[in-house]
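# Chain and residue survey
These are the residues of each chain, in order.
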Amino acid sequence: MKHVLVIPGDGIGSEVITPTVEILSELVSSIDFEYASAGKALFEAEGFSISEGTIEAARKADAVLFGATETVYSSAYRSPVLDLRQKLDLFANVRIIRELRPNRKKVDFVIFRENTEGMYTRDEEQLPGEVITHRRISESACRRISEFSLSYCEEHGIGEIVCVHKANVLRLSDGLFVRIFREIASGYAEIESSDMLVDAAAMNIAMAPERFRAITTLNLYGDILSDLGAGLVGGLGFIPSANIGQMNAMFEPAHGSAPDIAGKGMANPFAAILSSAMMLDHIGFRKESEKLAEAVRSAVPGVEVDENGRCSTISAVDTVKRILFRS
Ligand code: ATP
């Protein structure tokens, strides 16, 4: 039996996670699900956005399935997803940018984003008339994201990877990252590796996304480039993600709680369902994971997704269920 902690969160987070868990429960009988709250609603009720008990439950679970939480712009509010990534040391964020809609340009690449430091240390200093943000880049974090991304490529038959950085300006910090990436990549002779400035990468992704197979990058660049990638393939509702650490793993759609469409039944659930397929693979249900991902690929052409990436959540979920469970 595997144990999964489900944190649906706010807004469309819970709208996409609830049907995802329904699908998982029917697909795999040997997972038990435990639920926990986090996010804005919890913060408004209790004054904290995630409890220590939930962090502990996440640590003990085989995996965490996370929806999304709404950002609260208050200094008292801590982002639950950042807390989980940092406290569970989920150092590698894997985001799959893949075109699933029919008759579109081929886009199929993975972004590996360093997940624990960079601009996300939340360490800002208010001084008279200015604010200083401390951005930390450590040798160990550069080493483990480089090692992780190269070995993922090796395991998944991906033959090329680009290290994306801004070492022409941030010579010490990003320079360290590129140097370590090159050193580790030299041990992977069968993977073609190169590096690119983040501004050039943004333009190249927009103009010729089919040239990319894998990108490894620092925290903020990874966040921005994955939204750019999402924009190319129909929106954030198509981008699944995994947060992987040495001991724990958390799976979540790359989108937020989307307060603008919450409660309207328009959230695209494919990112959440595909994230759960990544989770199944991670916890040892490879066959079921492939079956679920294949069902999503077959379902997408039959679901109407508008130019803003929205669709009927119910009809998208029903299409996946029909494909998966028809006798
Ligand atoms: P957060 O602060 O939680 O990241 P946000 O609004 O900045 O919230 P998202 O929630 O990711 O970021 O939403 C960005 C845009 O993408 C919004 O217009 C939202 O409606 C749209 N969007 C995000 N996810 C989906 C989805 N699953 N289906 C349809 N549209 C989505």
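Please read all numbers here as calculations on a predicted model, not as lab measurements. (Residues numbered from 1 in each chain as written. Predicted model: local features only at pLDDT ≥ 70, side-chain atom pairs only at ≥ 80, totals over all residues. Heavy atoms only, no water.)

### With respect to the overall build of the chain
Put simply, the rule is: Helix and strand assignments come from DSSP, with helices taken as H or I runs of at least 4 residues and strands as E runs of at least 2, each series counted from the N terminus. All radius of gyration figures rest on C-alpha atoms, and the globule criterion is 2.2 Å times the number of residues raised to 0.38. Exposure is judged per residue with a 1.4 Å probe applied to protein chains only, and the accessible area is read against the type maximum: over 50% gives exposed, under 20% gives buried, and values in between give partly exposed. We call two residues contacting when some pair of their heavy atoms lies within 4.5 Å. What sets the accessible areas is the Shrake-Rupley method with a 1.4 Å probe; for residues, cover comes only from the shown protein chains. In this charge count, Lys and Arg are treated as positive and Asp and Glu as negative; neither His nor the chain ends contribute. To locate a charge, take atom NZ for lysine, CZ for arginine, CG for aspartate or CD for glutamate.
The number of helices and strands found in the chain is 11 helices and 12 strands. What you see for the chain is a C-alpha radius of gyration of 19 Å, in line with the 20 Å of a compact globule of 327 residues. With respect to the principal axes defined by its C-alpha atoms, the chain has extents near 55 × 45 × 40 Å. Relative to its full complement of 327 residues, the chain shows a buried share of 53%. A separation threshold of at least 6 residues defines the contact pool for the chain, and within that pool the share at least 24 residues apart is 76%. As displayed, the chain has an accessible area near 14,800 Å², and 50% of this comes from carbon and sulfur atoms. A distance of 3 Å separates the average location of the 34 positive side-chain charges in the chain from that of its 46 negative side-chain charges.

### Quick look at the nonpolar core
Rules: What makes a nonpolar core is a set of buried Ala, Val, Leu, Ile, Met, Phe, Trp, Tyr and Cys residues whose side-chain atoms join them at distances within 4.5 Å.
The biggest cluster of nonpolar side chains holds 86 residues, and the ones touching the most others in it are Phe112, Phe251, Phe270, Leu292 and Val320. For this core, the element with the most residues is helix H9 (residues 270-282), which contributes eight residues. Not counting residues within four places of it along the chain, the set of residues in contact with Phe270 comprises Gly237, Phe238, Val296, Ala299, Val300, Val303, Ala316 and Val320.

### Examining the environment of Asn93
Put simply, the rule is: Any pair of nitrogen or oxygen atoms within 3.5 Å is treated as a polar contact; in protein, a donor-acceptor pairing is required on top of that, and neighbouring residues in sequence qualify only through side-chain atoms on both sides.
If you trace the backbone, Asn93 turns up in strand S4 (residues 92-98). Judged by relative accessible area, which is 0%, Asn93 ranks as buried. Look past the residues within four positions of Asn93 in its chain and what remains in contact with it is Arg85, Ile111, Phe112, Arg113, Asn115, Ser241, Ala242, Asn243 and Glu252. Of note is the side chain of Asn93, whose polar atom sits 3.1 Å from the side chain of Arg95.

### Topic: the pattern of salt bridges
Applied cut-off: Whenever Lys or Arg places a side-chain nitrogen within 4 Å of a carboxyl oxygen from Asp or Glu, that contact is recorded as a salt bridge.
All chains considered together, the criterion is met by 23 salt bridges. The shortest N-O distance in the salt bridge between Glu52 and Lys87 comes to 3.2 Å. Of this pair, Glu52 sits in helix H3 (residues 52-60) while Lys87 sits in helix H4 (residues 80-87), and the two are 35 residues apart along the sequence. On the accessibility criterion, Glu52 (54% relative accessible area) is exposed. A relative accessible area of 35% means that Lys87 is categorised as partly exposed. A salt bridge links Arg136 to Glu117, with the nearest nitrogen and oxygen atoms 3.0 Å apart.

### Focus: the packing of helix H1 (residues 12-27) against H9
Where we set the bar: Helix axes use the C-alpha atoms of the stretch in contact, all axes being lines fitted to C-alpha atoms, and the angles between their N-to-C directions lie in the range 0 to 180 degrees. These descriptions rest on fixed angle ranges, namely under 35 degrees for roughly parallel, over 145 for roughly antiparallel, 65 to 115 for roughly perpendicular, and the rest for oblique. Helix crossings are classified by the rotation of the near helix relative to the far one: an anticlockwise turn of less than a right angle makes the crossing left-handed, while a clockwise turn makes it right-handed.
Where H1 meets H9, the axes come as close as 9 Å, and the angle between the chain directions of the two elements is 40°. In terms of orientation, H1 and H9 fall into the oblique class. Between H1 and H9 the crossing geometry is right-handed. Only Ala272, Ile273, Ser276, Met279 and Leu280 of H9 make contact with H1, whose side of the interface consists of Val16, Ile17, Thr20, Ile23, Leu24 and Leu27.

### A few points about the domain arrangement of the chain
Rule in force here: Segment limits for the domains were obtained from an automatic or database-derived domain assignment. Note on definitions: buried area is the accessible-area loss of two parts on being combined, 1.4 Å probe, summed for both. Polar here means any residue other than Ala, Val, Leu, Ile, Met, Phe, Trp, Tyr, Cys and Pro, which are nonpolar, and Asp, Glu, Lys and Arg, which are charged; Gly is therefore polar.
Annotation of the chain at the domain level lists domain 1 (1-90 + 241-327) and domain 2 (105-232). Each of domain 1 and domain 2 has a C-alpha centre, and the two are 24 Å apart. Taken residue by residue, the interface counts 10 residues in domain 1 and eight residues in domain 2. Buried area between domain 1 and domain 2, summed over both chains or domains, comes out near 860 Å², and the portion from carbon and sulfur atoms is 36%. Per-residue buried area on domain 1 facing domain 2 is highest for Leu82, Arg85 and Gln86; these three make up 48% of the total on that side. Our count for the domain 1 to domain 2 interface comes out at two salt bridges. For Asp89, the salt bridge identified is with Arg144, shortest N-O distance 2.7 Å. Remark: the boundary between domain 1 and domain 2 carries six residue pairs in polar contact (both at pLDDT 80 or more). Sorting the residues of the side of domain 1 that touches domain 2 by element identifies H4 and strand S11 (240-244) as the ones contributing at least two each. Here the side of domain 1 that touches domain 2 is composed, by residue class, of three nonpolar, three polar and four charged.

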